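If you want the building blocks of each chain, they are given just below.
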Amino acid sequence: MPEKPTPYKGLEDQLILRDHLAADRTILANERTFLAYIRTALTLFVAGLSFVHLKEIFSSYIVEVIGIIFILLGIATFFVGLVRYKRMQALIRKIKTEELKALGEENSP
């Protein structure tokens, strides 16, 4: 089987640990991004609830509509973040398994 071209010819032994650490950093960055989505979604949701409760003070349906919009935006933000997190998680898992397969093929006689 022909070898895949790589710009790191001769450095494969030095890059193994670095590649694994880069993958771990990518996983952690993906989790941080998901947590940011959750934080934003919760903020929008709580702001929406606050606007809905302000309707009792101001007796305005516009305030209630704004609150409902914020609540819906919070829910949508959570699901967008969840979908993006799962997609990136699947992509990272795919790349890691391909790399492990490639390492296994290189080490087999």
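The structure reproduced in this document is the subject of the present report. In this text, all values refer to a predicted model and were calculated from it rather than measured experimentally.

### A word on the packing of aromatic side chains
Then, number 1: Enumeration according to the criterion identifies four aromatic pairs in this entry.
Then, number 2: Taken together, a centroid distance of 6.4 Å and an interplanar angle of 45° make the contact between Phe34 and Phe78 tilted. In this pair, Phe34 is assigned in helix H1 (residues 12-58) and Phe78 in helix H2 (residues 61-107), connecting sequence segments 44 residues apart.
Then, number 3: Overall, the relative accessible area of 30% leaves Phe78 in the partly exposed class.
Then, number 4: Ring plane angle 55° and centroid distance 5.5 Å describe the contact between Phe51 and Phe70, whose orientation is recorded as tilted. Here Phe70 lies in helix H2 and Phe51 lies in helix H1, a separation of 19 residues in the sequence.
Then, number 5: Site record: aromatic cluster; members linked through ring pairs are Phe34, Phe78, Phe79 and Tyr85.

What counts, and where the lines are drawn
- Residues numbered from 1 in each chain as written.
- Predicted model: local features only at pLDDT ≥ 70, side-chain atom pairs only at ≥ 80, totals over all residues.
- Heavy atoms only, no water.
- Phe/Tyr/Trp six-rings, centres within 6.5 Å; stacked < 30°, edge-to-face > 60°.
- Helix = DSSP H or I, 4+ residues; strand = E, 2+ residues; numbered from the N terminus.
- Buried < 20%, exposed > 50% of the residue type's maximum accessible area, 1.4 Å probe, protein only.

All quantities given are derived from atomic positions and should not be read as evidence of function.
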